[in-house]
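# Secondary and tertiary structure notes
Single-letter residue listing:
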Amino acid sequence: MTLSDKIERTPAPAAPGSHLAAELAETLKLAAPMALTQLGQIAMMTTDLAFIGRLGDAAVGAAALAGTVYFIAFTVGMGLMSAVAPLAAQAFGARDPRMVRRSVRSGLWAGLLISLPIMVFPLRGEQILQALGQAAEPAHLAQQYLFGLAWGVAPALWFIAIRGFMGAVNRPQPVLWITLAAIPVNALLVYLLLYGEFGLPRLGLFGVGLATATVNGGSFLVGLWIATQREPFHGYHILARLWRIDWDVMRRLAVIGAPTSIALMLEWGLFSSAALLMGMISTTALAAHQIALQITSILFMVPLGIGMAATVRVGHAVGRNDADGVKRAGQIAIWLGVAIGILLTAAVILLRFAIARLFLGEGAANTDATVALAAKLLLIGGTFFIADGLQGIAAGALRGVNDTRVPLAFAAISYWGIGFCSAYALAFHTALGASGVWIGLSLGTYVYAMLLLWRFRRLTKRLALK
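Residues numbered from 1 in each chain as written. Predicted model: local features only at pLDDT ≥ 70, side-chain atom pairs only at ≥ 80, totals over all residues. Heavy atoms only, no water.

## Observations regarding the overall build of the chain
Looking only at helices and strands, one finds 16 helices and zero strands in the chain. For 466 residues, the compact-globule formula gives about 23 Å, and the C-alpha radius of gyration of the chain, at 22 Å, lands near that figure. When the backbone C-alpha atoms are referred to their principal axes, the chain occupies close to 65 × 55 × 35 Å. Put simply, the chain has 466 residues, and 54% of those count as buried. Taking all contacts inside the chain whose residues are at least 6 apart in sequence as the whole, residues at least 24 apart take part in 81%. For the chain, the computed accessible surface area is about 20100 Å², with 68% contributed by carbon and sulfur atoms. Side chains of the chain carry 33 positive and 20 negative charges; the gap between the two charge centres is 9 Å. (Helix = DSSP H or I, 4+ residues; strand = E, 2+ residues; numbered from the N terminus. Rg over C-alpha atoms; globule rule 2.2 N^0.38 Å. Buried < 20%, exposed > 50% of the residue type's maximum accessible area, 1.4 Å probe, protein only. Contact = heavy atoms within 4.5 Å. Areas by Shrake-Rupley, 256 points an atom, 1.4 Å probe, with all protein chains shown as cover. Lys, Arg positive; Asp, Glu negative; His and termini not counted. Charge placed at Lys NZ, Arg CZ, Asp CG, Glu CD.)

What follows is the structure, encoded as structure tokens:
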């Protein structure tokens, strides 16, 4: 049962237009720093890859393998930590600072407990990759990177909990400042440890991973200091009775977060499988796919930030038992996402050839063919960009009412029952080839977005009848 089943309808405001404007303003105040924070994290990842690229193709390939192992494991914890935001937001809306504190404290405990099994995967990455058929040399190189990354798992998860807390109390800005400050610090540490400058040892890929882990730890410590020492966060006393594990809230985190983790892995698995399909078609198709997918990942950070804001705004309405507010918060976020999605999609379509060329050097083989195919995929992806943004925002709104299990079922049906099957069929049983893969991805994502929108509308209608 979701919280929507327990919310009583409050009287509608007398001036709905003004309340819609106020809701839009509040959503933008949350979404802008949240989206910029996500883009900042992409910038840090790009910095790492830029430095790794100077080591050669073998290092880049090893980093890709390492990222696969790390992301699969980290997604489990990331989904659990994402449950801190709705629980804290609901408590904030209900004016229950004790429950805000319990949510954050339980998130910190959950991050610690889940980080231990998660670390097994990166620490055993070489064996895992070889068991999956990877050659010994790239697997060994990947392990060096993973040895460094592993020690940053717990602080990264704790930072997500702190981020959820700050967003839930309408103050996401400190996380943005921390992230922006971390970008040059990360670049400097990667440079020093990768090349062994200023008397430091030359650590190679291990140094890159260790730099990232160090930045994760530093980001968490700064965030924790702000959350415990600065207003308005200090008054919540999030570390009070930290030694006590709140099993009831931990269970709620697991109930909300576990389906989110699985849904994220289903989505990641679909796009990983799409890369395999492209590799079966041609090297040019795989390269074009990676370019288009990288653009998609960057664009998705904007609706992801809006989706995080939707979780908070819907959670606030849930906490104050405001059924109309739940509907209003979700709808404003969705329409905002549609408007921004259309603008970004139009820009990508108009600039698709120039964007594709940015990813390829002048001397790269088959440059013209790759650029042409990447531009074609970006054109096909016009529908995909908007649908992907919609599903991210709708899923965020549903998390605000603790509804994650039904969206998990939708993800399985849409991504694999429709998306993968249609991508495979169109790619290999028609003349569409690489374009067919992206048509399949777009179709699966569009169905998922429509199902989530239908689910949110159904839940808000249920509230209106109470």
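Next comes the rest of the description.
## Structural notes on the packing of aromatic side chains
One pair of aromatic rings is described through two measures. These are the centre distance and the angle between the planes. Under the defined criterion, the tally for this structure stands at 12 aromatic pairs. Centre to centre, the rings of Phe71 and Trp268 are 6.1 Å apart; their planes meet at 35°, and the pair counts as tilted. In this pair, Phe71 is assigned in helix H2 (residues 57-81) and Trp268 in helix H10 (residues 247-281), connecting sequence segments 197 residues apart. Owing to a relative accessible area of 26%, Trp268 belongs among the partly exposed residues under this scheme. Relative to Tyr236, the ring of Phe165 lies with its centre 5.6 Å away and its plane at 80°, an arrangement referred to as edge-to-face. Here Phe165 is found in helix H7 (residues 153-168), whereas its partner Tyr236 is found in the loop between helix H9 (204-229) and H10, with 71 residues between them in sequence. Assigned by exposure class, Phe165 and Tyr236 land together as buried. In this structure an aromatic cluster arises from ring pairing among Trp416, Phe420, Tyr424 and Phe428. (Phe/Tyr/Trp six-rings, centres within 6.5 Å; stacked < 30°, edge-to-face > 60°.)

## Section: the nonpolar core
Core analysis: the biggest nonpolar cluster contains 128 residues, and Phe165 and Val437 have the highest contact counts within it. For this core, the element with the most residues is helix H11 (residues 283-319), which contributes 15 residues. Ignoring anything within four residues of it in the chain, the contact list for Phe165 reads Val84, Val100, Val104, Ala227, Phe233, Tyr236 and Ile238. (Core = buried A, V, L, I, M, F, W, Y, C linked by side-chain atoms within 4.5 Å.)

## A few points about a nonpolar patch on the surface
Where nonpolar side chains cluster on the molecular surface, the patch consists of Leu112, Leu113 and Trp247 and spans about 300 Å² of accessible area. Relative to the elements of secondary structure, Trp247 occurs in helix H10. (Patch = residues over 30% accessible without salt bridge, like charges linked within 9 Å, V, L, I, M, F, W, Y side chains within 5 Å. Salt bridge = Lys/Arg side-chain N within 4 Å of Asp/Glu carboxyl O.)

## Notes on the pattern of salt bridges
This model, assessed by the stated rule, comprises nine salt bridges. One salt bridge in this structure joins Lys29 and Glu26, with 3.5 Å as the shortest N-O distance. One end of the pair, Lys29, and the other, Glu26, are both in helix H1 (residues 16-53), three residues apart, so they sit about a helical turn from each other. Classification of Glu26 by relative accessible area gives partly exposed; the value is 26%. In this structure, Arg102 engages Asp248 in a salt bridge whose closest nitrogen and oxygen atoms are separated by 3.9 Å. Of this pair, Arg102 sits in helix H4 (residues 97-123) while Asp248 is found in helix H10, placing the two residues 146 residues apart along the sequence. It is possible to trace a salt-bridge network through shared partners that takes in Arg102, Arg105, Asp246, Asp248 and Arg251.

## As for H7
Given a rise of 1.5 Å per residue, 16 residues ought to cover 22 Å, and the 23 Å separating the end C-alpha atoms of H7 matches this to within 8%. Taken across its 16 residues, H7 has 15 buried, putting it largely inside the fold. (Expected span 1.5 Å × (residues − 1).)

## Comments concerning the confidence of the model for the chain
For the chain, the mean per-residue pLDDT works out to 87, and 94% of the residues sit at or above 70. Contacts for the low-pLDDT stretch residues 3-15, under 50 throughout, to residues beyond four places or in other chains number 36 contacts. (pLDDT = per-residue confidence, 0-100.)

## Some thoughts on the packing of H4 against H10
Between H4 and H10, the shortest axis-to-axis distance is 9 Å and the interhelical angle comes to 70°. As summarised for this structure, H4 and H10 are arranged roughly perpendicular, according to the angle between their axes. Contacts from Met99, Arg102, Ser103, Ser106, Gly107, Trp109, Ala110 and Leu113 of H4 reach H10 at Asp248, Val249, Met250, Arg252 and Leu253. Looking at the contact of H4 with H10 residue by residue, the class counts come to seven nonpolar, three polar and three charged. (Axes fitted to C-alpha atoms, helices over the stretch in contact; angles between N-to-C directions. Parallel < 35°, antiparallel > 145°, perpendicular 65-115°, else oblique. Nonpolar A, V, L, I, M, F, W, Y, C, P; charged D, E, K, R; others polar.)

## Observations concerning the environment of Ile380
Looking at the secondary structure, you find Ile380 in helix H14 (residues 367-399). The spacing of Ile380 and Ala285 is 95 residues in sequence and 14 Å in space, taken between C-alpha atoms. Among all residues touching Ile380, those that are not within four sequence positions of it are Ser435, Trp438, Ile439 and Ser442.

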